[in-house]
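One-letter residues, chain by chain:
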Amino acid sequence: NTDQAQFKDNYDATNHLLSTYEYDSQGNLVQIINPSAAPILTQSINSFNYASASGRVVKYPNNELVMYSNLSVTYNLNVQELSNYCIKISTRQATSKSTPSPDYKFNFNIYVDGVLVTNVNLSATKTFTLSDFITLGNLSSGVHSLKLQWTNDKSNGTYDANVGLQEIQLFKKGTVAT
């Protein structure tokens, strides 16, 4: 039936749906339908696969990278195309020691290509918790450095904060931020 609307899907190089074009029966563009705004996972990084560290980090079982003091670790992000990106980071209190307080959070500066992008507070519970989305902004195609700098180590005779990292997830948000 020629009186029906026609649809054409537009995909990126990795076969993710970017948009759907709706045309009327005469072939005129009616609307562009964008898929869900939910970010798309593009890279999952094991915490052991860091490019550099500012000091001694310790590899625990189950891919847990542990820092006993304020240090930074840098990872390579493999970006396939220009887009707006964000990350999630899985953290926990790594040792049997307690954190300074029940509401203590690990504080991190997040750098991309040497530029401070944001500062975030991440979970310091005993079990790994994946953070909320952390926006990195627009990244061009290629390899970018992601530096995670822990800033608020605290310890005394009764507590000792020790951050464990397990995984970093890179997501494409789908559109270039303006």
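These figures come from a predicted structure and were not determined experimentally.

Caption draft 1: Layout of the overall build of the protein. In terms of regular secondary structure, the protein is built from 0 helices and 15 strands. Out of the 178 residues in the protein, the part that is buried amounts to 38%. In the protein, the share of contacts with a sequence separation of at least 24, taken over all contacts with a separation of at least 6, comes to 68%. Here the protein displays about 9600 Å² of accessible surface, and carbon together with sulfur accounts for 47% of that area.

Caption draft 2: A look at the packing of aromatic side chains. Tallied over the entire structure, the rule returns 3 aromatic pairs. Between the aromatic rings of Tyr-104 and Phe-106, the centroid separation amounts to 5.6 Å while the plane-to-plane angle is 90°, which identifies the pairing as edge-to-face. Both residues of the pair, Tyr-104 and Phe-106, count as buried. Centroid distance Phe-133 to Phe-171: 5.0 Å. Interplanar angle 85°. Geometry classified as edge-to-face.

Caption draft 3: Representation of the nonpolar core in the model. Core analysis: the biggest nonpolar cluster contains 31 residues, and Ile-87, Phe-108, Ile-110, Leu-136, Leu-146 and Leu-148 have the highest contact counts within it. The set of elements that each furnish at least two residues to this core consists of β7 (64–67), β8 (72–79), β9 (83–93), β10 (106–112), β11 (115–122), β13 (134–139), β14 (142–150) and β15 (163–172).

Caption draft 4: Representation of the pattern of salt bridges within the structure. A full pass over the atoms with the stated rule returns 3 salt bridges. Of the charged contacts, one joins Glu-64 and Arg-92 as a salt bridge, the two residues approaching to 2.9 Å between their closest N and O atoms. With Glu-64 in strand β7 and Arg-92 in strand β9, the pair connects residues that are 28 residues apart, well separated along the chain. For Glu-64, a relative accessible area of 4% puts it in the buried group. Residue classification places Arg-92 among the buried residues on the basis of a relative accessible area of 16%. Residue Asp-160 pairs with Lys-97 through a salt bridge whose shortest N-O separation is 3.5 Å.

Caption draft 5: Seen up close, unusual backbone geometry. Of note in this structure, Asn-62 is not a glycine but carries a positive phi near 60°. Along the chain, the position of Asn-62 falls in the loop between β6 (58–60) and β7. Judged by its relative accessible area of 62%, Asn-62 falls in the exposed class. At Asp-113, a residue that is not glycine, the phi angle is positive and equals roughly 50°. Turning to its location among the elements, Asp-113 is positioned in the loop between β10 and β11. According to the relative accessible area criterion, Asp-113 is partly exposed, its value standing at 41%.

Caption draft 6: Up close: the sheet that holds β14. The strand order across the open sheet formed by 5 strands is β5-β8-β14-β10-β11, and the pairing between neighbours is antiparallel. Strands with a single pairing partner mark the edges of an open sheet, and in this sheet they are β5 (52–53) and β11. Bridge count between β8 and β14: 8 bridges; the pairing is antiparallel. Residue pairing across strands places Ser-72 opposite Gln-149, the latter belonging to β14.

Caption draft 7: How the structure looks around the side chain of Gln-43. Summarising the element assignment, Gln-43 is placed in strand β4 (residues 40–46). Look at Gln-43 and you get buried, because its relative accessible area is 14%. In terms of polar contacts, Gln-43 uses its side chain to reach the backbone carbonyl oxygen of Asn-76, at 3.4 Å. From its side chain, Gln-43 meets the backbone nitrogen of Asn-78 in a polar contact 2.8 Å long. The residues touching Gln-43, leaving out its near neighbours within four places in the chain, are Asn-76, Leu-77, Asn-78, Ile-168, Gln-169 and Leu-170.

What counts, and where the lines are drawn
As a convention, each chain's residues are numbered from 1 in the sequence order in which they are written. At least 70 in pLDDT is required for a residue's local features to be given in this predicted model, at least 80 for side-chain atom pairs to be given and counted, and no such filter applies to totals for whole chains, interfaces and linings, which use all residues. Think of the side-chain values as coming from all heavy atoms in the structure, minus any hydrogens and water. Where helices and strands are cited, they refer to DSSP runs of H or I of at least four residues and of E of at least two residues respectively, numbered from the N terminus. Throughout, exposure labels follow a simple rule: accessible area from a 1.4 Å probe, protein chains only, divided by the maximum for the residue type, with under 20% read as buried, over 50% as exposed, and the rest as partly exposed. We call two residues in contact when some of their heavy atoms are within 4.5 Å. In short, Shrake-Rupley with a 1.4 Å probe defines the accessible areas, and a residue's cover is counted only from the protein chains shown. Note on aromatic pairs: the rings of Phe, Tyr and Trp (six-membered ring only in Trp) are paired at centre separations within 6.5 Å, and the planes decide the class, stacked below 30 degrees, edge-to-face beyond 60, tilted for the rest. For this analysis, a nonpolar core means a set of buried residues of the types Ala, Val, Leu, Ile, Met, Phe, Trp, Tyr and Cys, connected via side-chain atoms within 4.5 Å. Salt bridges are defined by distance alone: a side-chain nitrogen of Lys or Arg within 4 Å of a carboxyl oxygen of Asp or Glu. Whether two strands pair comes down to DSSP finding at least two bridges between them. What qualifies as a polar contact is a pair of N or O atoms within 3.5 Å, subject to a donor-acceptor requirement within protein and to the restriction that residues adjacent in sequence count only when both atoms come from side chains.

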